Amino acid sequence: DAIDAILLSLNQKNSGVYNIGGPDTPSNLELIDIINRNMNKEIEPIFKNSENEEYNFIVDTHYANSKLNFKAKIGIKKGIEKSIETYRKFKKNEL
């Protein structure tokens, strides 16, 4: 999806900043859980200078949707799964 958005932006006459993302908006802790499940790990987050508060970063994609006609095709869970799978294949062939 990120590459698709970049390619769409290259064809625009006017430059701009485009937030890209999908419809699902997991929290940071949910992202860690998704990564842990996909990698068979039990990584615990370390909260620094936040008094154990969690902050979520949700981007507004309306501008990219309207100017680029961009719509995400892959959700974050599937995207992480595919990224980890690609990384594992790369590491396996690297050795």
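Residues numbered from 1 in each chain as written. Predicted model: local features only at pLDDT ≥ 70, side-chain atom pairs only at ≥ 80, totals over all residues. Heavy atoms only, no water.

### Considering the overall build of the protein chain
Looking only at helices and strands, the protein chain has four helices and zero strands in total. Going through the 95 residues of the protein chain one by one, you find that 13% of them count as buried. For the protein chain, long-range pairs separated by at least 24 residues make up 81% of all intrachain contacts whose partners lie at least 6 apart in sequence. When the accessible surface of the protein chain is summed, it comes to about 8,100 Å², and 53% of that surface belongs to carbon and sulfur atoms. (Helix = DSSP H or I, 4+ residues; strand = E, 2+ residues; numbered from the N terminus. Buried < 20%, exposed > 50% of the residue type's maximum accessible area, 1.4 Å probe, protein only. Contact = heavy atoms within 4.5 Å. Areas by Shrake-Rupley, 256 points an atom, 1.4 Å probe, with all protein chains shown as cover.)

### Digging into the packing of aromatic side chains
Taken as a whole and judged by the stated rule, the model has one aromatic pair. Taking 5.3 Å as the distance between ring centres and 20 degrees as the angle between the ring planes, the aromatic pair formed by Y18 and Y63 counts as stacked. Here the residue Y18 occupies a position in the loop between α1 (2-10) and α2 (28-39), and Y63 occupies one in helix α3 (residues 62-68), the gap between them amounting to 45 residues. (Phe/Tyr/Trp six-rings, centres within 6.5 Å; stacked < 30°, edge-to-face > 60°.)

### Considerations on the pattern of salt bridges
In the structure shown here, the tally under the stated rule is four salt bridges. Two residues, K73 and D4, come together in a salt bridge whose shortest N-O distance is 2.8 Å. Taken together, the residues span a long stretch of sequence, with K73 in the loop between α3 and α4 (76-94) and D4 in helix α1 at a distance of 69 residues. Exposure remark for K73: the relative accessible area of 64% places this residue in the exposed category. The residue K78 makes a salt bridge to E81 at a minimum N-O spacing of 3.1 Å. Here the residue K78 and the residue E81 both occupy positions in helix α4, the gap between them amounting to three residues, near one helical turn. E81 sits in the partly exposed class, given a relative accessible area of 33%. (Salt bridge = Lys/Arg side-chain N within 4 Å of Asp/Glu carboxyl O.)

### Concerning the nonpolar core
By size, the foremost hydrophobic cluster in this structure holds five residues: A5, Y18, A64, L68 and F70. Discounting chain neighbours no more than four positions away, the residues touching A64 are Y18, N19, I20, N69 and F70. (Core = buried A, V, L, I, M, F, W, Y, C linked by side-chain atoms within 4.5 Å.)

### As for unusual backbone geometry
Backbone geometry places N40, a non-glycine residue, at a positive phi of 55 degrees. Counting through the fold element by element, N40 comes out in the loop between α2 and α3.

### Observations regarding the confidence of the model for the protein chain
Looking at the protein chain as a whole, the pLDDT averages 84, with 89% of positions reaching at least 70. No element of the protein chain has a lower mean pLDDT than α1, at 87, and none a higher one than α2, at 90. (pLDDT = per-residue confidence, 0-100.)

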